[in-house]
Amino acid sequence: MFIEKKNSVCHVYVCVVAYEQLCSSLLLYVSGAKLPEPEVKIEVLHKPFICHRKTKFGDMLLIHYEGFLESNGTMFHSSRTLGDKHPVWFTLGIKEVIKGWDKGLQGMCTGEKRKLTVPPALAYGKEGKGKIPPESTLIFDIELMEIRNGPRSHESFQEMDLNDDWKLSKLEVKEYLKKEFERHGYSPNDTQHEVMVEDIFKKEDEDSDGYISAREFTYKHDEL
Ligand SMILES: [Ca+2]
Ligand SMILES: [Ca+2]
C-alpha cells in the first residue's frame, strides 16, 4: 500500500474505500451480474491443508469426476463407477476438454474437491453430446488426484533439452516421447514416435531450422 507518514490516516481511508469498491465490483463480477459471457460457478468442497502446487494453464491434471444434468439430476458419467473406472488425464487450458473445465479447474491443489456448474455455452452447447441433451447446464463433482508438468511448461522444456542448448532437436523430442509413453504404461514404438516427431516439428518449428527453440516451444497462439 502507498502509505506516507503525513496524512497516513487519510491515505489508509482512501485505500479502504478503494478496496471496498474493488470488492463489490469483484462480487458483481463473480455473481455474473455484469458479465455478458456466461461463467462457471465454482464451489470448493474440500481444500487440503497442505498445498505445494496449484494448477495452472499447461499443467496435466489427473481427475476423478461425476457429471450430472442440472435439469433433473441424472448422472451421465462417473469415472469412478463407469467405463474403466480410472481417473482421467488431460491438459488444462488447451481446449482438450470443455471450456467449463479449462476455466473452472485453475488454481486447484492436489486432493482438492470442487463442484462446477457449467452453462451450456461452456459445455456442449446447442448440440449436446451423447447422453447430454442440447442446451444443458452441467454439474461436475471433481477431485484432483495429481498434477504433472504439462507439455508446455518450462520444466518440461528443461527436461526435454538434454544437452542444455535451449533448443530441442528431433532426437531430444523423440527421447521425451519414448519416456512419456513408458511412464503411462505404453510400450515405445519407434515408427510411431518418428511420425509424431515430424508432426510436432511441422507445427512447432516455425522458422524451419530443425530445432524447436524455447520461444517456439512456450509461445502459444491460442487464447482461451
Ligand atoms: Ca537441445
Ligand atoms: Ca526453430
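Residues numbered from 1 in each chain as written. Chains lettered and ligands numbered in written order. Predicted model: local features only at pLDDT ≥ 70, side-chain atom pairs only at ≥ 80, totals over all residues. Heavy atoms only, no water.

In the nomenclature of an unreviewed UniProt entry, the chain corresponds to peptidylprolyl isomerase from the organism Lepisosteus oculatus. As its UniProt record puts it under Subunit (unreviewed entry), the chain is described as follows: "Monomer. Homodimer. Interacts with type III, type IV and type X collagens." (UniProt positions renumbered as here; feature names shortened; annotations may be inferred.)

Engineer: If you had to explain the overall build of the chain to someone new, which residues and values would you point to?
Structural biologist: Looking only at helices and strands, the chain has six helices and eight strands in total. Here the chain holds 224 residues, and 33% of them are scored as buried. Intrachain contacts of the chain at a sequence separation of at least 6 include 62% that bridge at least 24 residues. Surface accessibility of the chain: about 14,300 Å² in total, with carbon and sulfur atoms responsible for 56%. (Helix = DSSP H or I, 4+ residues; strand = E, 2+ residues; numbered from the N terminus. Buried < 20%, exposed > 50% of the residue type's maximum accessible area, 1.4 Å probe, protein only. Contact = heavy atoms within 4.5 Å. Areas by Shrake-Rupley, 256 points an atom, 1.4 Å probe, with all protein chains shown as cover.)

Engineer: Hey, could you go over the coordination of the calcium ion (ligand 1) for me, with residue numbers and the actual values?
Structural biologist: Within the protein, the calcium ion (ligand 1) binds to D161 (OD), N163 (OD1), D165 (OD), K167 (O), E172 (OE) and E172 (OE); these donor distances fall in the range 2.2 to 2.5 Å. Considering all six donor atoms around the calcium ion (ligand 1), the spread of angles at the metal, 53 to 156 degrees, places the coordination shape in the irregular class. Positions of the donor residues of the calcium ion (ligand 1), expressed as sequence spacing, correspond to D-x1-N-x1-D-x1-K-x4-E. Residue N163 is classed as partly exposed on the basis of its relative accessible area, which comes to 48%. Under the relative-accessibility criterion, K167 is labelled partly exposed at 30%. (Donors = N, O, S within 2.8 Å, 3.2 Å for Na, K, Ca; no water. Tetrahedral: all angles 85-135°; square planar, octahedral: opposite > 155°, others 65-115°.)

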